[in-house]
Amino acid sequence: MQQPKAALAERTADRRRGDGDPRALVGEMRRSVLLVPVADGGLWSVRSGGVRWICGFSDEAALARFALRHGPGDRPMEYAALLGARIVDEIVPSLGEPAGLAVDIATEDGSMFFPPVAGIVPDAVAVDAGSPAPEERS
């Protein structure tokens, strides 16, 4: 049986090539344990484009690549191991602002962003929730 980390990386590679099912990628992210750096008593995040992105990593090697640039110098980077589902279903809604999940941002050609839209985060916090469908707009 394939390990979830490898499965997430494989599904990410498929989507980056324009192949694969986006729903399968989201499902794989939800089942994967992600390593999320902890800083100042909270999870590491960045803001870009009006969205707060929680940064998660698929394994310690991906986290180490990130820590080389953004880590606390000579000290180990603290992190929490969280299911992707917990991040998008519980943590994102608790932030009170548009938020999504950025996975493996320090991995060249391997990162993937899960934006705050319906189907990824709960509808109550999705930025596109309540928007009329394209055929309903006037």
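Provided above is the structure to which this section pertains.
Asker: So what about the sheet that holds strand 1 (residues 33–39)? Which residues, and what values?
Answerer: Spatially, 3 strands are ordered 2-1-5 in an open sheet, and the strand pairing comes out antiparallel. Either end of the sheet is taken by a strand with one partner, and the two such strands are strand 2 (42–43) and strand 5 (79–83). The pairing of strand 1 with strand 5 spans 5 bridges and is classified as antiparallel. Bridge pairing links Pro37 to Tyr79 in strand 5. Most of the contacts of helix 3 (residues 60–70) go to strand 1, to which it runs at about 30 degrees, and overall it touches strand 1 and strand 5.

Asker: Which residues make up helix 4 (residues 84–94), and what values do they have?
Answerer: Listing the buried residues of helix 4 in full gives Gly84, Ala85, Ile87, Val88, Ile91 and Val92. Those residues of helix 4 hidden inside the fold are in contact with helix 2 (22–31), strand 1, strand 2, strand 4 (51–56), strand 5 and strand 6 (99–103). Just downstream of helix 4 lies Gly96, where phi reads positive at about 75 degrees.

Asker: Now, about the layout of surface pockets: what can you tell me, with residues and values included?
Answerer: One number sums up the size of the largest pocket: a volume of about 150 Å³. If you trace the largest pocket, you find 14 residues lining it, with Ala9, Ser58, Asp104, Thr107 and Gly110 closest to the centre. Among the secondary structure elements, those contributing two or more residues to the lining of the largest pocket are helix 1 (4–16) and helix 3. For the lining of the largest pocket, the class distribution of residues is 5 nonpolar, 4 polar and 5 charged.

Asker: Hey, could you go over unusual backbone geometry for me, with residue numbers and the actual values?
Answerer: The phi dihedral of Asp40 falls on the positive side, at around 50 degrees, and the residue is not glycine. Here Asp40 lies in the loop between strand 1 and strand 2. Of note, the phi angle at Asp109 is positive, near 60 degrees, even though the residue is not glycine. Relative to the elements of secondary structure, Asp109 occurs in the loop between strand 6 and strand 7 (112–114). By relative accessible area, Asp109 is classed as exposed at 59%.

Analysis parameters
- Residues numbered from 1 in each chain as written.
- Predicted model: local features only at pLDDT ≥ 70, side-chain atom pairs only at ≥ 80, totals over all residues.
- Heavy atoms only, no water.
- Pairing = 2+ DSSP bridges.
- Helix = DSSP H or I, 4+ residues; strand = E, 2+ residues; numbered from the N terminus.
- Contact = heavy atoms within 4.5 Å.
- Axes fitted to C-alpha atoms, helices over the stretch in contact; angles between N-to-C directions.
- Buried < 20%, exposed > 50% of the residue type's maximum accessible area, 1.4 Å probe, protein only.
- 1 Å grid on protein atoms, 1.4 Å probe; cavity = no way out; pocket = protein on both sides within 12 Å on 5 of 7 lines; lining within 4 Å.
- Points joined across faces, edges and corners; volume = space filled by probe spheres on them.
- Nonpolar A, V, L, I, M, F, W, Y, C, P; charged D, E, K, R; others polar.

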